[in-house]
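Architecture and fold: a report
Listed below, chain by chain, are the residues.
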Amino acid sequence: MPDQQRRLATIVFTDIVGFTKLTAENEPLALQLLDTQRTSIKPIVERFNGEWLKEMGDGLLLAFSTSKDAVDCCIEIQHTLKNIANLDLRIGIHQGEVIQQGGDVIGDDVNVASRVEPFAVPGGIVVTEPVNASLLRDPVYQTKLVGSPSLKGVRQTVNIHCITSHGLPFSEDISVDAKLEDAPTTPPVQPVPADTPLSQTIRDVQNPSSSKMPMIIGGVVLAIALVAGFMFMGGEDTPGGDDGESIAVLPFVNMSSDKENEYFSDGITEEILNYLAKIKNLRVISRTSVFTYKGRTDISIAEIGRQLDVRNVLEGSVRKAGNKVRITAQLIRSKDDAHLWSETYDRELEDIFAVQDEIAQTIVGTLKMDYISHSEQAAPTASETNIEAYNLYLQGIHFQSRRDEEGMRKALSLFKQTVRKDPNYPLAYVGLANTYLLLCDYGYDSFDEKLPLAEFNAAKAMELNPNLAEVQSASAYVSIIRKDDPKITEGYFLKAIEMNPNYATAYHWYSDFSRTVLRNNQKALEYIQVAKMLDPLSGIIRINLSNVYRDLNRLEEAESTLTSLLELNPNYTKAYGNLALIYRRQGAWEKAIQTCESWVELSPKDGNSHRSLGEIYMITGDLNNAIKSLKRSADLTPNSPISIEYLAFTCYLKQDFKAAKSYIEQGYNIAPNTPLSRMVEGRLYLHEKKYDKALAAFDDSEKGFVGLSPFLQAMALMGKGLVYAQMGDKGKAEKMMQQLTSFGKADGIQSLKAIVQLQLGQHEEGLAVIKKDIQEQNPYIYILTDPMFDAFKTDSRYKEIIRLYNL
């Protein structure tokens with residue numbers, strides 16, 4: 001008998017969901033999945049000090065010395081395989097005494113681990129009592145007891161717990177009588193300390209199967225960037241200054257006969273942009289804007305320069321044939337179409353490293369210039385990925401920028417394919433993290449479900465390369481939604497801007513953070529204006545500029561910003577909803593309805609268009625049509641609770657409290673953290689004079705809207721003021737009014753304070769403030785339908801206010 005050794009170990013069993021069926025239907029694909037599982041999981045197991053004991057068909061047997069290593073490893077395995085191959089595993093973990101015999105482990109506790117694994121839901125992890133006991137010491141992990149089933153061949157009672165944290169799916173319960181066939185034989189994102197050195201070493205990525213073509217891009221791009229950079233050594237340190245130099249890089253034209261090389265030529269453009277962004281004192285127009293001109297021959301360089309407000313334009317072409325590539329580039333002064341510099345590079349595709357060095361040294365030597373970069377590196381490094389992954393990533397960015405559901409879900413798929421091609425490419429994980437959150441921000445998914453996935457991917461990007469502005473900005477986005485201390489979030493944004501002062505998205509998102517969290521509209525305006533200078537044709541940046549103007553009550557500028565966007569791109573549908581917000585403020589109801597109807601006509605399957613129209617009906621008192629539109633919106637966005645929440649709010653306004661409660665429960669079935677539902681609950685509790693419950697609900701709602709909607713956050717705060725007023729606690733009611741002052745004057749915030757005044761019996765003062773807000777086009781939009789005004793419906797002063805608002 002071979003030598004045996006007894007020891008304590010944590011045993012992991014895994015199983016691919018649906019593998020048997022897949023093998024019967026498509027055996028080659030099934031075998032490919034096994035290879036994907038093997039190559040993806042082995043490095044993870046090694047990193048967590050695990051033992052790869054054996055493969056059993058599609059199942060794996062792993063061993064770890066600690067439960068924490070085993071659990072952390074399995075969490076990363078689930079998320080990684082979901083990203084890479086959209087693959088779900090069932091994983092069971094048990095701890096106990098095992099017998100080591102050769103390269104295998106046997107024993108009763110190994111048997112227990114194999115029997116509990118089938119009780120995991122697809123993509124989930126179950127653990128037994130010993131493992132669960134060790135997890136209870138760490139609040140990072142959350143688990144739930146789901147049952148104590150009879151296990152075949154196991155005489156002991158085994159309690160099974162599922163892990164409910166880290167974005168893992170889990171079962172509510174399992175039958176204690178369950179009989180199953182024999183089973184086949186990441187930590188949250190941590191903020192980066194403010195003193196993290198910018199020169200921290202970037203991890204080298206090695207992928208033997210990668211194509212060498214990106215290095216051609218890197219070499220030629222470096223040369224072009226250095227030449228362009230020579231022209232721009234003056235100006236202020238802040239990008240976008242009127243006296244500073246500026247450049248736009250037009251999409252390089254694909255001159256190859258093979259149109260599949262389109263993304264190769266786009267990749268060169270992208271890399272030039274990346275390199276030029278690091279040139280000190282140079283304003284570089286972002287990708288979104290320059291790619292607007294792709295394929296256009298009807299517009300002159302001078303006109304492009306005028307539209308983008310740049311002094312210089314770089315254009316070029318790429319011709320690839322067999323093993324040769326010719327890249328031509330020329331730098332043009334936009335005001336007079338003067339050609340400042342041009343060069344053609346003919347290269348073989350093999351000797352790429354020599355080409356990169358030769359071009360860089362030749363250009364630097366010829367122009368006798370020093371390369372200046374913000375990260376204090378002598379020169380930028382080339383993209384550290386293969387051409388297939390890079391092409392997929394660029395396509396993902398393109399679809400993500402559309403900001404509609406179809407585009408963002410397509411982007412999600414492309415970023416997952418990118419990770420599959422190169423698991424060590426940080427920007428692919430950035431794309432995943434941002435897209436998961438954008439889908440929720442735009443009302444297509446739930447933050448409850450997607451935030452853990454965004455956290456995982458942002459953490460992965462940070463682990464791979466913390467020295468990218470894109471990585472820091474993605475971490476900031478996660479930090480906002482997770483509701484971290486604002487100083488932590490701000491640290492991410494400032495680091496991103498320091499790393500790349502030409503990264504428009506960092507300025508854009510920092511502006512939105514300043515507006516919604518810091519509630520500093522002037523700061524928000526300063527940063528969004530820089531973002532617009534860097535990316536002047538970006539639709540979403542213009543929309544956020546309009547939002548800042550609206551919050552500053554500069555409604556004419558807010559409106560013109562959106563109308564000019566729609567003139568430029570009539571199909572940028574999100575602009576219609578934001579334009580309707582301005583018309584709501586002005587009491588221009590016919591315009592508001594027509595604008596939303598135009599959006600519905602353009603995007604009949606976009607739930608947001610129907611919700612925007614439904615909100616207009618809510619405000620104007622057409623509550624039956626509001627419900628109709630909101631139901632259509634809810635049908636189109638089944639993964640998001642937002643439309644269901646608005647249905648609950650509409651039923652409350654209609655004073656159909658039973659229906660409101662029903663919709664609140666439906667919203668909670670989609671996501672447990674629904675701040676608008678909690679606010680409606682608070683109103684219902686207030687109506688029932690259940691003051692403690694009302695305060696708790698309003699408090700939850702206020703916290704839930706941080707970073708999402710200052711107006712709804714303020715409405716929740718007003719709700720607490722109403723509770724205290726009804727309780728007769730004038731001091732606390734006035735304290736809530738004082739807190740509302742910090743929100744500024746946007747969105748009728750003064751009127752919210754006035755509603756509390758009305759509850760305190762200060763009718764003359766309160767109605768005067770509400771009237772003034774409407775005269776200044778800054779109204780409380782629910783003045784007609786909010787039951788809080790029922791006592792004033794016959795008051796002549798209230799009737800005059802309604803007429804002023806054109807209702």
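See the structure above.
The present account deals with the structure reproduced in this document. Keep in mind the model is a prediction, meaning the values are calculated, not measured. As a convention, each chain's residues are numbered from 1 in the sequence order in which they are written. A pLDDT threshold of at least 70 governs which residues receive local features in this predicted model, and a stricter bar of 80 or more applies before side-chain atom pairs are shown or counted, although totals over entire chains, interfaces and linings include all residues. For the side-chain quantities, the full set of heavy atoms in the structure was used; hydrogens and water were omitted.

Examining the overall build of the chain
Cut-off, in case you're wondering: Secondary structure is summarised from DSSP: a helix means a run of H or I of at least four residues, a strand means a run of E of at least two, and numbering begins at the N terminus for each. Using a 1.4 Å probe on the protein chains alone, a residue whose accessible area is under 20% of its type maximum counts as buried, one over 50% counts as exposed, and one in between counts as partly exposed. Residue exposure ignores everything except the shown protein chains as possible cover, and the areas themselves are Shrake-Rupley values with a 1.4 Å probe.
Within the chain, the regular secondary structure consists of 33 helices and 14 strands. The burial tally for the chain puts 58% of its 807 residues in the buried class. When the accessible surface of the chain is totalled, it reaches about 33,500 Å², and 48% of it is carbon and sulfur.

Thoughts on the nonpolar core
Filter applied, for reference: Only buried Ala, Val, Leu, Ile, Met, Phe, Trp, Tyr and Cys residues count toward a nonpolar core, and they belong to the same one when joined by side-chain atoms within 4.5 Å. Here a residue-residue contact requires only that any non-hydrogen atoms of the pair lie within 4.5 Å.
Grouped together as the largest cluster of nonpolar side chains are 191 residues, with contacts concentrated most on I93 and Y782. With residues up to four places along the chain from it excluded, the contact list for Y782 reads M618, I619, Y646, F649, L653, F711 and M715. Counting residues in hydrophobic clusters, the runner-up holds 30 residues, among them A329, I332, W341 and L537.

Notes on the side chain of D606
Rules: Positive charge is attributed to Lys and Arg, negative charge to Asp and Glu, and no charge count is given to His or to the chain ends. Criterion for a salt bridge: a side-chain nitrogen of Lys or Arg within 4 Å of a carboxyl oxygen of Asp or Glu. Counted as a polar contact is a pair of N or O atoms within 3.5 Å, where, for protein atoms, one must be capable of donating a hydrogen and the other of accepting one, and residues adjacent in sequence contribute only when both atoms are in side chains.
Residue position: D606 is located in the loop between helix 22 (589-602) and helix 23 (607-620). Look at D606: it is buried, it has no salt bridge, and the nearest opposite charge is R611 at 7.1 Å. One polar contact links the side chain of D606 to the main-chain amide nitrogen of N608, over a distance of 2.9 Å. In contact with D606, not counting residues within four places along its chain, are Y444, W599 and L636.

A closer look at helix 15 (residues 469-482)
Which entries qualify depends on this criterion: By this rule the span expected of a helix is its residue count minus one, scaled by 1.5 Å.
Along its 14 residues, helix 15 runs 20 Å from first to last C-alpha, staying within 8% of the 20 Å computed at 1.5 Å per residue. The element helix 15 is extensively covered by neighbouring structure, given that 13 of its 14 residues are classed as buried. Two residues or fewer after helix 15 comes K483, characterised by a positive phi angle close to 65°.

Focus: the packing of helix 27 (residues 675-687) against helix 28 (residues 691-704)
The condition is simple: Lines are fitted to the C-alpha atoms to define the axes, a helix being fitted only along its stretch in contact, and any angle between axes, read from their N-to-C directions, falls within 0 to 180 degrees. In these notes the angle categories are as follows: under 35 degrees is roughly parallel, over 145 is roughly antiparallel, 65 to 115 is roughly perpendicular, and the rest is oblique. A crossing counts as left-handed when the near helix is turned anticlockwise from the far one by less than a right angle, and as right-handed when that turn is clockwise. For this scheme, ten residues count as nonpolar: Ala, Val, Leu, Ile, Met, Phe, Trp, Tyr, Cys and Pro. Four count as charged, namely Asp, Glu, Lys and Arg, and the remainder, Gly too, count as polar.
Contact pair helix 27 / helix 28: the axes reach a minimum separation of 8 Å and the direction vectors enclose 160°. When the axis of helix 27 is compared with that of helix 28, the two are roughly antiparallel. Crossing angle aside, the handedness with which helix 27 passes helix 28 is left-handed. On helix 28, the residues touching P675, R678, M679, E681, G682, R683, Y685 and L686 of helix 27 are Y691, K693, A694, A696, A697, F698, D700, S701 and G704. For the contact of helix 27 with helix 28, the per-class residue count stands at 9 nonpolar, 3 polar and 5 charged.

Comments concerning unusual backbone geometry
In this structure, N49 is a non-glycine residue whose phi angle is positive, near 60°. Mapped onto the elements, N49 comes out in the loop between helix 2 (27-47) and strand 2 (51-56). Look at N49 and you get exposed, because its relative accessible area is 55%. Its identity is not glycine, yet K483 carries a phi of approximately 65°, on the positive side. Within the fold, K483 resides in the loop between helix 15 and helix 16 (486-499).

Comments concerning the packing of aromatic side chains
For clarity, the threshold we go by: Stacked, tilted and edge-to-face pairs are distinguished by plane angle, under 30 degrees for stacked and over 60 for edge-to-face with tilted covering the rest, among Phe, Tyr and Trp rings (Trp via its six-membered ring) whose centres lie within 6.5 Å. Throughout this description, the term charge over a ring refers to an Arg CZ or Lys NZ atom that lies within 6 Å of the ring centre and within 35 degrees of the ring normal.
A complete count under the given rule lists 15 aromatic pairs for this structure. Aromatic side chains W589 and Y805 sit 5.1 Å apart centroid to centroid with 75° between the ring planes, which places their arrangement in the edge-to-face category. Here Y805 lies in the segment after helix 33 (796-804) and W589 lies in helix 22, a separation of 216 residues in the sequence. What makes Y805 buried here is its relative accessible area of 1%. Ring plane angle 75° and centroid distance 5.9 Å describe the contact between Y780 and Y782, whose orientation is recorded as edge-to-face. In this structure Y782 comes out as buried when scored by relative accessible area, which is 1%. Taken together, the ring pairs in this structure connect F649, Y652, F657, Y780, Y782, F789 and Y798 into an aromatic cluster. Positioned over the ring face of W52 is K42, at 5.2 Å from the centre of the ring. Geometry around F743 places R519 over its ring, the cationic atom sitting 3.9 Å from the centre.

Section: the pairing of strand 13 (residues 324-333)
To keep it simple, the criterion reads: Any two strands are treated as partners once DSSP identifies two or more bridges connecting them.
Pairing between strand 12 (residues 312-321) and strand 13: 10 bridges, direction antiparallel. Its bridge partner lying in strand 13, V313 is registered against I332. Across 10 bridges, the pairing between strand 13 and strand 14 (residues 338-348) is antiparallel. Each bridged residue has a counterpart across the sheet, and for L331 the counterpart in strand 14 is W341. Count of turn residues in the strand 13/strand 14 antiparallel hairpin: 4 residues, of which D337 carries a positive phi of about 60°.

Comments concerning the pattern of salt bridges
Considering all chains together, one arrives at 36 salt bridges under this definition. Between D786 and R683 there is a salt bridge, with the nearest N and O atoms lying 2.9 Å from each other. Highlighted residues: D786 in the loop between helix 32 (763-775) and helix 33 and R683 in helix 27, separated in sequence by 103 residues. Just as D786 is buried, R683 falls in that class too.

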